[in-house]
Amino acid sequence: MKAGVIELGSGSTPKTSASRGASILDFILRIVAVIGTLGSAIAMGTTNETLPFLTQFIRFRAKYDDLPMFTFFVVANSIVSVYLLLSLALSIFHIIRSKAQVSRIVLIFFDTGMLALLTAAASAAAAIVYLAHKGNTKANWDSFVHSLDLAFFCNSLSALMSAVGTGLFYMVSRIVAMGDIG
């Protein structure tokens, strides 16, 4: 007599060991993505620079919360970090029970949503960093990095954008690895 459908997995087949290996890879990539997204949120949240402007008594302050795109970036990375931390438990479950299918599909669905959120945040922040470095001659916006000597602030943001690109690569790799299991 069956009590109900529970994803416990049964039997041991050659596909099970391949599925377990992919689940271990997913767990490792998930940990790397947690480190990347949490590190990006912390790095952006603590990036600031203050420098004299015109005179010694007037100061120019540049922080992440001066622009809404950077605030969105910090919030989105924080949300994705929390999601990834919570999903580590389900990833461990997939290592133990490699036949679980429904929870894998749900995880792929939410991973794809988090990838879209992270991509949107990274794109918005990257557009502002690009404008800060290059400006836009058609809109008559000059590059304010060189005119205000905000090199440290903007260089740290540029390095952060590179790190986010790496994080996005790991997120896509996880989704592909999870899709191959099913």
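The structure displayed is predicted, hence computed values, not measured ones.

Engineer: Looking at this structure, how should I read the overall build of the chain?
Structural biologist: Across its full length, the chain holds five helices and two strands. Going residue by residue from the N terminus, the α and β elements of the chain occur as α-β-β-α-α-α-α. Each of the 182 residues in the chain was classed as buried or not, and the buried ones make up 36%. The contacts in the chain between residues at least 6 apart in sequence include a share of 74% that link residues at least 24 apart. Here the chain has roughly 10500 Å² of accessible surface; of this, 70% comes from carbon and sulfur atoms.

Engineer: I keep staring at the pattern of salt bridges and nothing clicks. Help me out?
Structural biologist: Note that side chains of opposite charge can pair when their charged atoms are close. Tallied over the full model, the rule gives two salt bridges. Linking Arg 30 and Asp 26 is a salt bridge whose minimum nitrogen-to-oxygen distance equals 3.3 Å. With Arg 30 and Asp 26 both in helix α1 (residues 14-46) and four residues apart, the pair spans about one turn of that helix. We note that Arg 30, like Asp 26, is buried. As a salt-bridge pair, Arg 30 and Asp 111 come within 3.0 Å of each other at their nearest N and O atoms. One end of the pair, Arg 30, is in helix α1; the other, Asp 111, is in helix α3 (residues 102-134), with 81 residues separating them in the sequence. On the accessibility criterion, Asp 111 (0% relative accessible area) is buried.

Engineer: Would you explain helix α2 (residues 68-96) in this entry?
Structural biologist: Each turn of an α-helix holds 3.6 residues, which means side chains three or four residues apart point in the same direction. With 29 residues, α2 should cover 42 Å at 1.5 Å per step; its first-to-last C-alpha distance of 42 Å lies within 8% of that length. Along α2, the helix axis deviates most sharply at Leu 88, where the bend reaches about 30 degrees.

Engineer: Before we go on, may I ask you to explain empty space enclosed by the protein in this structure?
Structural biologist: One way to see where empty space is left: roll a probe the size of a water molecule over the atoms. Taken as a whole and judged by the stated rule, the model has one cavity of 30 Å³ or more. The volume enclosed by the largest cavity comes to roughly 30 Å³. Lining of the largest cavity is provided by Gly 36, Thr 37, Ser 40, Asn 77, Leu 118, Ala 163, Val 164 and Gly 167. Elements represented by at least two residues in the lining of the largest cavity include exactly α1 and α5 (151-181).

Engineer: Sorry if this is basic, but what is going on with the UniProt feature "transmembrane region" (unreviewed entry) in the chain here?
Structural biologist: UniProt records the feature "transmembrane region" (unreviewed entry) at residues 27-47, 67-93, 105-130 and 150-172, using the numbering of this structure. Structurally, residues 67-93 comprises 96% helix and 0% strand, and the distance from its first C-alpha atom to its last is 40 Å.

Rules and cut-offs
- Residues numbered from 1 in each chain as written.
- Predicted model: local features only at pLDDT ≥ 70, side-chain atom pairs only at ≥ 80, totals over all residues.
- Heavy atoms only, no water.
- Helix = DSSP H or I, 4+ residues; strand = E, 2+ residues; numbered from the N terminus.
- Buried < 20%, exposed > 50% of the residue type's maximum accessible area, 1.4 Å probe, protein only.
- Contact = heavy atoms within 4.5 Å.
- Areas by Shrake-Rupley, 256 points an atom, 1.4 Å probe, with all protein chains shown as cover.
- Salt bridge = Lys/Arg side-chain N within 4 Å of Asp/Glu carboxyl O.
- Expected span 1.5 Å × (residues − 1).
- Bend = angle between axes of the 7 residues up to and from the residue.
- 1 Å grid on protein atoms, 1.4 Å probe; cavity = no way out; pocket = protein on both sides within 12 Å on 5 of 7 lines; lining within 4 Å.
- Points joined across faces, edges and corners; volume = space filled by probe spheres on them.
- UniProt positions renumbered as here; feature names shortened; annotations may be inferred.

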